Amino acid sequence: VQFVESGGGLVQPGGSLRLSCAPSGFTFSSYTMGWFRQAPGKEREFVAAIRWNGVTTYYGDSVKGRFTISRDNGKKAVYLQMNSLKPEDTAVYYCAASSLYSSLPTPQQGAYDYWGQGTQVTVSS
């Protein structure tokens, strides 16, 4: 299993970034995909997730209304559009895949089978 994550970088507060994740080595269209993040000195936290069908999504409280997760099963890719970025959004962002079947995409890290290597997002003026 391999993940190709991209889109991270340095952005000013209030700006936007779009993260992309293109994994391979498993049946992408059957998996829930999630984004997590880990800031320096903090535990990794849930950001957003999307079910295999691309319809049902779930967000962490800190990003609701600012971030949007989406996927393209044809391209085997998942995206995280991040708007109105704040300095507290600074973290390494990880893409992950879960085979767990549930009505809502799970925020539980232990339910994710595969993880990407992470991409750095820095929000600073």
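Structure first, text after, so check above.
Residues numbered from 1 in each chain as written. Predicted model: local features only at pLDDT ≥ 70, side-chain atom pairs only at ≥ 80, totals over all residues. Heavy atoms only, no water.

Undergrad: Could you give an account of the state of the cysteines, naming the residues involved and the relevant values?
TA: By definition, a disulfide links the sulfur atoms of two cysteine residues through a covalent bond. A full pass over the atoms with the stated rule returns 1 disulfide. Each sulfur of the disulfide joining Cys 21 and Cys 95 lies 2.2 Å from the other. Looking along the S-S bond of the Cys 21-Cys 95 disulfide, the torsion reads about -85 degrees, which is the left-handed sense. With Cys 21 in strand 3 (residues 17–24) and Cys 95 in strand 9 (residues 91–98), this pair connects stretches of sequence that are 74 residues apart. Cys 95 matches Cys 21 in its accessibility class, with the two residues each being buried. (Disulfide = S-S within 2.5 Å. Helix = DSSP H or I, 4+ residues; strand = E, 2+ residues; numbered from the N terminus. Buried < 20%, exposed > 50% of the residue type's maximum accessible area, 1.4 Å probe, protein only.)

Undergrad: Which residues make up the pairing of strand 7 (residues 67–72), and what values do they have?
TA: Burial along strand 7 is one-sided: Phe 67, Ile 69 and Arg 71 are buried, and none of Thr 68, Ser 70 and Asp 72, which face the opposite way, are. Looking at chain direction, strand 7 and strand 8 (residues 77–82) are connected through 6 bridges and run antiparallel. Within strand 8, the position partnered with Phe 67 by the bridge is Met 82. What sits between strand 7 and strand 8 in their antiparallel hairpin is a turn of 4 residues, with Lys 76 showing a positive phi close to 55 degrees. (Pairing = 2+ DSSP bridges.)

Undergrad: Can you explain the environment of Ser 6? Please cite residues and give values.
TA: Note that Ser 6 resides in strand 1 (residues 2–6). C-alpha of Ser 6 to C-alpha of Trp 35: the two residues are 29 residues apart in sequence and 13 Å apart in space.

Undergrad: Can you explain the nonpolar core? Please cite residues and give values.
TA: Grouped together as the largest cluster of nonpolar side chains are 28 residues, with contacts concentrated most on Met 33, Trp 35, Val 78, Leu 80, Met 82 and Tyr 93. Elements supplying a minimum of two residues to this core: strand 3, strand 4 (32–38), strand 5 (45–50), strand 7, strand 8, strand 9 and strand 11 (119–123). Looking at this core, the element that brings in the most residues is strand 9, giving 4 residues. The residues contacting Val 78, other than those within four sequence positions of it, are Leu 19, Ser 20, Cys 21, Phe 28, Met 33, Trp 35, Ile 50, Ile 69, Ser 70, Arg 71 and Cys 95. Grouped together as the second largest cluster of nonpolar side chains are 6 residues, Phe 46, Ala 96, Ala 111 and Tyr 112 included. (Core = buried A, V, L, I, M, F, W, Y, C linked by side-chain atoms within 4.5 Å. Contact = heavy atoms within 4.5 Å.)

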